[in-house]
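The residues making up each chain are set out below.
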Amino acid sequence: MTASIIGAHAAPVSSNFGRFAGARQLVRKDTTEWVRSKRIWVILATVTTFLVLTAANAWIATKIAAAAAPGEALRELPSLGPTENMVGALTTQIFVLAAIFVAGSLIGRERDSGTLAWIASKPVTRASIWASKWISSTAILSIVGGAIPLAITAAVVTLLYGAPPVEIVIGLAVGLAAVTAFFVTFGLALGTVIPGQAATIATGLTIFALAPMLAAAIPGGMALIPTAMLTWPAAALAGEAMSLATPVVWFVLMAGLAVFSIRRMRKFEL
Amino acid sequence: MTSASAISTAGLTKHYGEVRAVTDLTLDVPSGSIYGFLGPNGAGKTTVLKVLAGLIRPTSGSASVAGIPLAAGEAYRREVGFLAQEPRFYDWMTGRETVAFVASLVPDPATSDPAWLDKIIATVGLADAADRRTGTYSGGMRQRLGIAQALVTRPRVLLLDEPVSALDPIGRREVLDLMAQLRGETTVFYSTHILDDVERVSDRVAILDHGHLVREAATAELLSSFTLDQLRVVVVGATDATGVDLAGLPGVRSIEPSARDGDVRTYLLTIEPSVAGQIQRAVTRYVADRDLTLVENGLVRLDLEDVFLRLVDSKERAA
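Residues numbered from 1 in each chain as written. Chains lettered and ligands numbered in written order. Predicted model: local features only at pLDDT ≥ 70, side-chain atom pairs only at ≥ 80, totals over all residues.

(A) Structural view of the overall build of chain B. Within chain B, the regular secondary structure consists of 11 helices and 14 strands. The principal-axis extent of the C-alpha atoms belonging to chain B is close to 75 × 45 × 35 Å. Taking all 319 residues of chain B together, the buried fraction comes to 43%. For chain B, long-range pairs separated by at least 24 residues make up 69% of all intrachain contacts whose partners lie at least 6 apart in sequence. (Helix = DSSP H or I, 4+ residues; strand = E, 2+ residues; numbered from the N terminus. Buried ≥ 20, exposed ≤ 12 C-beta atoms within 10 Å, placed from the backbone. Contact = placed C-beta atoms within 7 Å.)

This is the structure in structure tokens:
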């Protein structure tokens, strides 16, 4: 008689494991993939470089102008205030591009490679697969494309212009995480609709570029686009009267995209 | 569905618009059996396996594993281990991490026991490569890893899509031996186009063609059903009249001289299966009466490839 290979089976479970079965293990797997990949360093280096250079732009411009015309009064130079330069650094929105690039390719890459089918054949739900990608990508991008570059930028701003208010820095960090979360959702949603990674990213960037133009044509529209969330928490923390429409629209759009893309994923034929 | 069915399908159908991949497939796969799923390319084998793995939805019909319906989602997939035709894994994980990750997806601590993981990795012959990244694995190693990850959750049913197609002869034999060892422990439902392998290890076979089930039977029964209608007779000292005489024996439908070597002649008699024994005795008497030497007087045993071709060909002619 040959020895048993697999031994006893566990008792069959006839009920569902839950809407997010396997999510914890999938988040751990997706986060490990992030931590082991080179992407994390590329994003950190790129975003930090853009933010620091943009923040230092006023200081550099002042130095160049002073060197070009020594002794003359300097006119029409950018502000050297720490708050303006701290906020100004984020206007590049390079972290949004990073989020669209990364999240837009996540589902397509796995679908093309066959690993999505492999995972989907296991006792996990498609909602778990989607949620794990959202959680790990939002968390990692908020740290390596948000918190760390922002902290470095705040240090550079302090060195060049003086210390920015702490509530502004905290508010910008929160806003940056909120915008990152939105564009990760947006990228994942596009990945469930558009076949091919390149087409997904191109569509995402096009919509990202067109949205402010369309919003500008509508009175009050600029406060309703998701990127308005970037400065909303900082302004609220600074005591400015802010419309609640901005976070409400941000949340509703994000939740809508999430529900839509999870439903799309459930229909995937793998 | 019978109580001993590991897999049961009823009227399973998958159509993609005008393309009818699988139509009205009804199967009962006995628990603990090794079940070969045969068919030419495009017959719909992979579609059936993907439906059973929960990767695509059937257009109509139902399927269940161990009594749990496909619609139960993750509870159903808990009972299934699946190996795709071209298995793909995360190339940044090692083989051991891949198996451990799959094991962690079921709520049973025993499946994540390191000793169990070591055993399953060793069983498929990957112990030496277990700590290498899967991105460095050959096709054969990926196939072995695929079997390990399918087995690690101790599923009631193993669904294997062409499990030996990427393997060299030694690897093929090892995997087939492993499948044979699993007999009685779990149900192995696998597709292949290598008919020798099916004949060696399968308890039952189903033949699919153009999305329709052509035949389903125990392997031995299927083979024997095609061995009773042909008789090979080899006679020394035969003349041209011998063939005519043999064709005239009661129960012989037709005769075909298949070889001639000097005065040794070989005849293939197509006969009435129900009177095979009588015809064999009549042949023996005929040869003895004429002082000829009878070298062979036996039923022709077809291999599975012959049976497969006959079944598929007859269906194509009927179509």
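Now, onward.
(B) Quick peek at the overall build of chain A. When its secondary structure is counted, chain A shows 10 helices and zero strands. What you see in chain A, going N to C, is helices and strands ordered as α-α-α-α-α-α-α-α-α-α. A principal-axis box enclosing the C-alpha atoms of chain A has dimensions of 100 × 45 × 35 Å. By residue count, 42% of the 270 residues in chain A fall in the buried class. For chain A, long-range pairs separated by at least 24 residues make up 81% of all intrachain contacts whose partners lie at least 6 apart in sequence.

(C) Representation of the pairing of strand β7 (residues 157–161) of chain B in the model. All names here are of chain B. Most of β7 is tucked away: five of the five residues are buried. Burial along β7 is two-sided: the residues V157, L159 and D161 and L158 and L160 are all buried. Bridge count between strand β6 (residues 80–83) and β7: four bridges; the pairing is parallel. Bridge assignment links L83 to a residue of β7, and that residue is L160. Where β7 and strand β8 (residues 187–192) come together, five bridges link them in parallel fashion. Counted as the bridge partner of V157 is T187 from β8. Taking the sense of rotation as the criterion, the β-α-β connection linking β7, helix α6 (residues 169–181) and β8 turns out right-handed. (Pairing = 2+ DSSP bridges. Right-handed = clockwise from strand over helix to strand, strands pointing away.)

(D) Looking closely at the nonpolar core. In terms of nonpolar packing, the biggest core is built from 146 residues, with A99 of chain A together with A148, L159 and F189 of chain B touching the most fellow members. Of all the elements, helix α7 (residues 166–191) of chain A adds the most residues to this core, at 15 residues. Counting 12 residues, the second-largest nonpolar core is a separate cluster that includes L246, Y267, L269 and I271 of chain B. (Core = buried A, V, L, I, M, F, W, Y, C linked by C-beta atoms within 7 Å.)

(E) Main features of the sheet that holds strand β9 (residues 204–209) of chain B. Residues and elements named next belong to chain B. Within the open sheet, the six strands sit side by side as β6-β7-β8-β3-β9-β10. Their pairing is mixed. For this open sheet the edge positions go to β6 and β10 (212–218), each flanked by a neighbour on one side alone. Each neighbouring strand pair of the sheet contributes to a mean axis angle of 15°, computed without reference to strand direction. Here helix α5 (residues 139–151) sits on the sheet and contacts β6 and β7; the angle it forms with β6, its principal contact strand, is near 170°. (Axes fitted to C-alpha atoms, helices over the stretch in contact; angles between N-to-C directions.)

(F) Up close: the packing of α7 of chain A against helix α10 (residues 245–266) of chain A. Residues and elements named next belong to chain A. The geometry of α7 relative to α10 is characterised by a closest axis approach of 9 Å and an angle of 30° between their N-to-C directions. In this view, α7 runs roughly parallel relative to α10, as classed from their interaxial angle. α7 and α10 meet at a crossing whose hand is left-handed. Touching A178, A181, F182, T185, F186, L188 and A189 of α7 are W250, M254, L257, A258, F260 and S261, all from α10. (Parallel < 35°, antiparallel > 145°, perpendicular 65-115°, else oblique. Left-handed = near helix turned anticlockwise from the far one by under 90°.)

(G) Structural view of the interface of chain A and chain B. On the chain B side, the residues contacting the 32 residues of chain A number 34 residues. Only α1 (23–36) and α5 (115–120) of chain A provide two or more residues apiece to the side of chain A that touches chain B. Of the residues that constitute the side of chain A that touches chain B, the class distribution is 13 nonpolar, 14 polar and five charged. (Nonpolar A, V, L, I, M, F, W, Y, C, P; charged D, E, K, R; others polar.)

(H) Region of interest: the sheet that holds strand β5 (residues 68–69) of chain B. Residues and elements named next belong to chain B. Read from one edge of the open sheet, four strands run β2-β1-β4-β5, paired in antiparallel fashion. Single-partner strands in this sheet number two, and they are β2 (19–30) and β5. Across five bridges, the pairing between strand β1 (residues 5–16) and strand β4 (residues 60–65) is antiparallel. Bridging across to β4, I7 finds its partner in V65.

(I) How the structure looks around the packing of helix α3 (residues 82–90) of chain A against helix α6 (residues 126–161) of chain A. All names here are of chain A. Closest axis-to-axis distance for the α3/α6 pair is 10 Å, and the angle between their directions is 145°. Read as a crossing pair, α3 and α6 show a hand that is right-handed. Here α3 contributes P82, N85, M86 and A89 to the contact with α6, which in turn contributes T153, A154, V157, T158 and Y161. A class-by-class count of the residues in the contact of α3 with α6 yields six nonpolar, three polar and no charged.

(J) Inspection of α5 of chain B at higher detail. All names here are of chain B. Its 13 residues place the ends of α5 19 Å apart at the C-alpha level, agreeing with the 18 Å of an ideal helix rising 1.5 Å per residue. Where burial is concerned, most of α5 is hidden: 10 out of the 13 residues are buried. Within α5, burial applies to M141, Q143, R144, L145, G146, I147, A148, Q149, A150 and L151. (Expected span 1.5 Å × (residues − 1).)

(K) Representation of unusual backbone geometry in the model. All names here are of chain B. Of note in this structure, D24 is not a glycine but carries a positive phi near 55°. Tracing the backbone through its elements, the reader meets D24 in strand β2. Look at D24 and you get partly exposed, because 15 C-beta atoms sit within 10 Å. Phi at R154 takes a positive value of approximately 50°, unusual for a residue other than glycine. Inspection of the secondary structure puts R154 in the loop between α5 and β7. Owing to 22 C-beta atoms within 10 Å, R154 belongs among the buried residues under this scheme.

(L) Here's a closer look at helix α3 (residues 95–104) of chain B. For α3 of chain B, the tally of buried residues reaches eight of 10 residues, placing the bulk of the element in the interior. Considered for burial, the residues of α3 of chain B that qualify are G95, R96, T98, V99, F101, V102, A103 and S104 of chain B.

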